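# Examining the three-dimensional arrangement
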Amino acid sequence: GTIGGTYMSPVVVPPTVAIGAMGKITRVPRFISDSSNEVEGVYVMPISWGGDHRVIDGATMARFSNLWKDYLEDPLSMLLYMK
């Protein structure tokens, strides 16, 4: 976050069902592939999700998180699905 934190633990407060916490975008080194020793800098934004498991299960949150990531990486694809 803005004061140097890296990870968050969002707390769901009723009547909220789910909440997300977004961290600061940073550039970090990552290997290009599993078989390569080459490293490149990539931008990473840590995201933490919290949900009330009486209403929503972890698999649904994971699918939502993956879809949200895809939309952030390719905003045009999100516009194609808007009605």
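Since this is a predicted model, take the numbers as computed values, not measurements. (Residues numbered from 1 in each chain as written. Predicted model: local features only at pLDDT ≥ 70, side-chain atom pairs only at ≥ 80, totals over all residues. Heavy atoms only, no water.)

## A few points about the packing of aromatic side chains
Applying the stated rule across the entire model yields two aromatic pairs. The interplanar angle of 80 degrees and the centroid separation of 5.2 Å between the aromatic rings of W49 and F64 together place this pair among those described as edge-to-face. With W49 in strand β4 (residues 47-51) and F64 in helix α1 (residues 58-73), this pair connects stretches of sequence that are 15 residues apart. With relative accessibility at 41%, the residue F64 sits in the partly exposed group. For the ring pair W49 and W68, a centre distance of 5.5 Å and an interplane angle of 85 degrees mean the geometry is edge-to-face. Taken together, the residues span a long stretch of sequence, with W49 in strand β4 and W68 in helix α1 at a distance of 19 residues. On the basis of relative accessible area, W49 is assigned to the partly exposed category, the value being 29%. (Phe/Tyr/Trp six-rings, centres within 6.5 Å; stacked < 30°, edge-to-face > 60°. Helix = DSSP H or I, 4+ residues; strand = E, 2+ residues; numbered from the N terminus. Buried < 20%, exposed > 50% of the residue type's maximum accessible area, 1.4 Å probe, protein only.)

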